[in-house]
Amino acid sequence: MGGTFDPIHHGHLVAASEVQAQFGLEQVIFVPTGQPWQKTHEVVSPAEDRYLMTVVATASNPRFQVSRVDIDRAGPTYTADTLADLRALYPEAELYFITGADALEQILSWHRVDELFELAHFIGVTRPGYQLAGEHLPKGAVSLVEIPAMAISSTGCRQRVRAGLPVWYLVPDGIVQYIAKRGLYRGEDDSAGVEW
Ligand code: ATP
Ligand code: MG
């Protein structure tokens, strides 16, 4: 499951847990993006903060792992590279790529889209506010899965922190504490983030 995870929240975790259970997956690997090419001109928190938050949020689940492949690769993150790297690390594995309805809508605009469906089977999950549809994608390339609705986004969490509103219960407790410790999303000092 790729994402910016800025910050990771319970929508991500429910999606991963639900797909893990429904598909009987051995593990779900969270892959924080390096430089997200769709998010140019947005301020994205440092990769190490996003990586550490993802580790903190997933540490207690034995089926959840975090990979550094995207943050350790220079340049913009393309999912085709992510999947090729994971394939090299797990040559025998059957790979699935978990994505929310919003990202699935855009998948045809992703780089090297023809390669993507050969590298992994895609699983699109429902997300409040978006229509989950796979007709625009090659037949058999995608499974559509209904998951419990979590109307949570990282953008909303960042806005709440900036406005002084709580993010308790939207993100794991350790993430509330990590955000406070590092002073993320307060908007006073944008030097903590990197403008791509
Ligand atoms: P941002 O608002 O910064 O874009 P986000 O909440 O969309 O953050 P991402 O890191 O962009 O989080 O998303 C990673 C993946 O998780 C994407 O495939 C996205 O569709 C999916 N996802 C995020 N939030 C949810 C949610 N609440 N329910 C289902 N899927 C989600
Ligand atoms: Mg998003």
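Under the annotation held in an unreviewed UniProt entry, the chain carries the name Probable nicotinate-nucleotide adenylyltransferase and is attributed to Saccharopolyspora erythraea. Under the heading Function (unreviewed entry), UniProt records this for the chain: "Catalyzes the reversible adenylation of nicotinate mononucleotide (NaMN) to nicotinic acid adenine dinucleotide (NaAD)." The annotation that UniProt attaches to the chain under Catalytic activity (unreviewed entry) is "nicotinate beta-D-ribonucleotide + ATP + H(+) = deamido-NAD(+) + diphosphate".

Moving on: unusual backbone geometry. In this model, Asp6 is joined to Pro7 through a cis peptide bond whose omega is 5°. Its location among the elements puts Pro7 in the loop between β1 (2–3) and α1 (10–23). Residues other than glycine seldom take positive phi values, yet Arg112 does so here, at roughly 50°. Within the secondary structure, Arg112 sits in the loop between α5 (101–105) and α6 (113–119). What makes Arg112 partly exposed here is the crowd of 13 C-beta atoms within 10 Å. Here the phi dihedral of Tyr185 falls at roughly 70°; this positive angle occurs in a residue that is not glycine. Tracing the sequence through the fold places Tyr185 in the loop between α8 (173–182) and β10 (194–195).

Those residues of helix α4 (residues 79–89) lying buried are Thr79, Thr82 and Leu83. All buried residues of α4 lie within an arc of 90° about the axis, which places them on one face of the element. On its buried face, α4 sits against β1, β2 (28–32), α3 (69–72), β6 (76–77), β7 (96–100) and α6.

The environment of ligand 1 is formed by 18 residues, the closest being Gly3, Gly11, Gly100, Ser154 and Thr155. Counting residues per element, the ones that place at least two in the shell around ligand 1 are α1, β7, α5 and α7 (154–162). A total of 3 residues in the shell around ligand 1 trace back to one element, the largest contributor, which is α1. Classifying every residue of the shell around ligand 1 gives 6 nonpolar, 9 polar and 3 charged.

Here we come to the sheet that holds strand β9 (residues 142–145). Spatial ordering of the open sheet is given by β7-β8-β9, a layout of 3 strands whose pairing is parallel. In this open sheet, the two edge strands, each paired with only one partner strand, are β7 and β9. Direction aside, neighbouring strands of the sheet carry axes that sit 25° apart on average. As paired elements, strand β8 (residues 121–125) and β9 share 4 bridges and run parallel to each other. Bridge pairing in β9 links Phe122 to Val142. Packing of α1 onto the sheet brings it into contact with β7, β8 and β9, and relative to β7 it is tilted by some 135°.

Below, the discussion takes up the packing of helix α2 (residues 47–58) against α8. Each pair of packed helices can be summarised by the angle the axes make with each other and by the distance between the axes. Where α2 contacts α8, the two axes come as close as 9 Å, and the packing angle between them is 155°. In terms of orientation, α2 lies roughly antiparallel with respect to α8. The two elements α2 and α8 meet at a crossing, and its hand is right-handed. In this structure, α2 uses Asp49, Leu52, Met53, Val56 and Ala57 to contact α8, whose residues at the interface are Gly174, Ile175, Tyr178 and Arg182. Considered class by class, the residues forming the contact of α2 with α8 number 6 nonpolar, 1 polar and 2 charged.

Definitions and limits used
- Residues numbered from 1 in each chain as written.
- Chains lettered and ligands numbered in written order.
- Predicted model: local features only at pLDDT ≥ 70, side-chain atom pairs only at ≥ 80, totals over all residues.
- UniProt positions renumbered as here; feature names shortened; annotations may be inferred.
- Helix = DSSP H or I, 4+ residues; strand = E, 2+ residues; numbered from the N terminus.
- Buried ≥ 20, exposed ≤ 12 C-beta atoms within 10 Å, placed from the backbone.
- Arc of directions from axis to C-beta.
- Contact = placed C-beta atoms within 7 Å.
- Near = placed C-beta within 6 Å.
- Nonpolar A, V, L, I, M, F, W, Y, C, P; charged D, E, K, R; others polar.
- Pairing = 2+ DSSP bridges.
- Axes fitted to C-alpha atoms, helices over the stretch in contact; angles between N-to-C directions.
- Parallel < 35°, antiparallel > 145°, perpendicular 65-115°, else oblique.
- Left-handed = near helix turned anticlockwise from the far one by under 90°.

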